[in-house]
Amino acid sequence: MASEGRTTLESVRKWVVEHKLRTVGTLWLSGLAGSIAYNWSRPNMKPSVKIIHARLHAQALTLAALAGAAVVEYYDHKTGAKTDRYADPFIPLESHKE
């Protein structure tokens, strides 16, 4: 059971690495929707203030998601996982003859 959870977590991490911008956009949209829903339940605020608060909350969530994507990118760079993925299509310099 632990190996199944590990493979699921690994597959989610792999998908997030391959689709960073889609993940950040989805987090922004869900944060905006959640914040609007939360702020709309508060009756003592004007609608314009509710929308501004929702945008600020979504913006903070987006910055956190971008920071998380940067950490994943840094981790992939340090471990060399990204090198293997992008190394294949390039021609090695040693094989180029002038």
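Everything discussed here concerns the structure shown above.
Parameters at a glance
Residues numbered from 1 in each chain as written. Predicted model: local features only at pLDDT ≥ 70, side-chain atom pairs only at ≥ 80, totals over all residues. Heavy atoms only, no water. Helix = DSSP H or I, 4+ residues; strand = E, 2+ residues; numbered from the N terminus. Buried < 20%, exposed > 50% of the residue type's maximum accessible area, 1.4 Å probe, protein only. Contact = heavy atoms within 4.5 Å. Areas by Shrake-Rupley, 256 points an atom, 1.4 Å probe, with all protein chains shown as cover. Phe/Tyr/Trp six-rings, centres within 6.5 Å; stacked < 30°, edge-to-face > 60°. Lys NZ or Arg CZ within 6 Å of the ring centre and 35° of its normal. Patch = residues over 30% accessible without salt bridge, like charges linked within 9 Å, V, L, I, M, F, W, Y side chains within 5 Å. Salt bridge = Lys/Arg side-chain N within 4 Å of Asp/Glu carboxyl O.

(A) Geometry of the overall build of the protein. Per the secondary structure count, the protein includes four helices and zero strands. Along the protein, helices (α) and strands (β) appear in the sequence α-α-α-α when read from the amino end. Expressed as a percentage of its 98 residues, the buried residues of the protein come to 18%. Counted over contacts in the protein with a minimum sequence separation of 6, partners at least 24 positions apart contribute 50%. Carbon and sulfur atoms make up 66% of the accessible area of the protein, which amounts to about 8,000 Å² in all.

(B) Structural detail: the packing of aromatic side chains. Applying the stated criterion to the full structure yields zero aromatic pairs. Positioned above the aromatic ring of tryptophan 40, the side-chain terminus of lysine 50 is 4.9 Å from the ring centre.

(C) Quick look at the side chain of serine 35. Tracing the sequence through the fold places serine 35 in helix H2 (residues 20-40). Using a relative accessible area of 7% as the deciding quantity, one classes serine 35 as buried. Each residue touching serine 35, except ones within four places of it in the same chain, is listed here: His53, Ala54 and His57.

(D) Geometry of a nonpolar patch on the surface. Together, Ile36, Trp40 and Ile51 line one region of the surface with nonpolar side chains, adding up to about 290 Å² of accessible area. Positionally, isoleucine 36 belongs in helix H2. Accessibility expressed as a relative area gives 32% for isoleucine 36, which makes it partly exposed.

Keep in mind that these numbers describe shape and distance, not what the molecule does.
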